[in-house]
Amino acid sequence: MDSRFPQTITAQTTLNNYVTDLVISNFSNKLFISVTQFGKIGSLVLVRRDVNLNEDSSPVYSIKSLLGKDQAEYHILARHLYERLQLKKQLLFGFALHSFAKKDLESIEEFICSNIKQINQ
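Residues numbered from 1 in each chain as written. Predicted model: local features only at pLDDT ≥ 70, side-chain atom pairs only at ≥ 80, totals over all residues. Heavy atoms only, no water.

Draft legend 1. Main features of the packing of helix H1 (residues 72–85) against helix H2 (residues 102–116). Look at H1 against H2: their axes get within 11 Å of each other, and the N-to-C directions meet at 35 degrees. Here H1 runs over H2; the crossing is right-handed. Contacts between H1 and H2 involve Leu77, His80, Leu81, Arg84 and Leu85 from the former and Leu105, Glu109, Glu110, Ile112, Cys113 and Ile116 from the latter. Split into classes, the residues belonging to the contact of H1 with H2 amount to 7 nonpolar, 1 polar and 3 charged. (Axes fitted to C-alpha atoms, helices over the stretch in contact; angles between N-to-C directions. Helix = DSSP H or I, 4+ residues; strand = E, 2+ residues; numbered from the N terminus. Left-handed = near helix turned anticlockwise from the far one by under 90°. Contact = heavy atoms within 4.5 Å. Nonpolar A, V, L, I, M, F, W, Y, C, P; charged D, E, K, R; others polar.)

Right, dumping it as structure tokens:
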């Protein structure tokens, strides 16, 4: 594979009776994840771990909505995914989902985690 292009995988499943598409692209400085049940990117959120000068405190994260609604639920979802994946680089997360119910988000997270293993981070 040409090293100038990001490693990318795609996957599809049905969750809660909705076709769910996943795209994961591993760029040199960011990991891009898009999960959609509408066939479009939807909202885009950027998550990064900031330098914490006090080593005894918990990690500090910056979360910024780039496109779409700027809602707390979106920030929580993106941060939780970032922490679960234990990323060292920034996460650009796009999502367009029918439901943000806890059980549906858990299914989405499992779908992402089961497919991200194919990407060399």
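Additional details are given in the paragraphs that follow.
Draft legend 2. Focus on the nonpolar core. Ile33, Leu91 and Phe93 are the most contacted members of the largest nonpolar core, which has 29 residues in total. Every element with two or more residues in this core is listed here: strand S1 (7–15), strand S2 (18–26), strand S3 (30–36), strand S4 (43–50), H1, strand S6 (90–96) and H2. Ignoring sequence-local partners within four residues, the contact set of leucine 91 consists of Leu31, Ile33, Val45, Leu46, Val47, Ala78, Leu81 and Tyr82. (Core = buried A, V, L, I, M, F, W, Y, C linked by side-chain atoms within 4.5 Å. Buried < 20%, exposed > 50% of the residue type's maximum accessible area, 1.4 Å probe, protein only.)

Draft legend 3. How the structure looks around the side chain of lysine 89. Assignment of secondary structure puts lysine 89 in the loop between H1 and S6. In terms of polar contacts, lysine 89 uses its side chain to reach the backbone carbonyl oxygen of phenylalanine 27, at 2.7 Å. (Polar contact = N/O pair within 3.5 Å; in protein donor to acceptor, adjacent residues only side chain to side chain.)

Draft legend 4. Representation of the sheet that holds strand S5 (residues 60–67) in the model. Across the sheet, 6 strands lie side by side as S1-S2-S3-S6-S4-S5; this open sheet has mixed pairing. Unpaired on one side and paired on the other, S1 and S5 mark the two borders of the sheet. Ignoring which end each strand starts from, the neighbouring axes of this sheet average 15 degrees apart. Pairing analysis gives 7 bridges linking S4 to S5, with the strands arranged antiparallel. Of the residues in S5, the one forming a bridge with arginine 49 is tyrosine 61. In the packing of H1 onto the sheet, contacts are made with S3, S4, S5 and S6, and the angle to S6 comes to roughly 130 degrees. (Pairing = 2+ DSSP bridges.)

Draft legend 5. Here's a closer look at the pairing of S2. Sheet topology places S1 next to S2; 9 bridges connect them, and they run antiparallel. When the sheet's bridge partners are listed, glutamine 7 is paired in S2 with asparagine 26. The turn linking S1 back onto S2 is made up of 2 residues, and asparagine 16 within it adopts a positive phi angle of 55 degrees. In terms of strand pairing, S2 meets S3 through 6 bridges, oriented antiparallel. Residue isoleucine 24 lies in a different strand from S3, and its bridge partner there is isoleucine 33. The loop that links S2 with its antiparallel partner S3 comprises 3 residues.

Draft legend 6. View of H2. For H2, built from 15 residues, the straight-helix expectation of 21 Å at 1.5 Å per residue is met to within 8% by its first-to-last C-alpha distance of 21 Å. For H2, the set of buried residues is Asp104, Leu105, Ile108, Glu109, Phe111, Ile112, Cys113, Asn115 and Ile116. Where H2 is buried, its residues contact S1, S2, S3, H1 and S6. (Expected span 1.5 Å × (residues − 1).)

Draft legend 7. Representation of the pairing of S4 within the structure. Strand direction decides the pairing type here: S4 and S6, joined by 5 bridges, are antiparallel. Directly across from valine 47, in S6, lies its bridge partner leucine 91.

Keep in mind that these numbers describe shape and distance, not what the molecule does.
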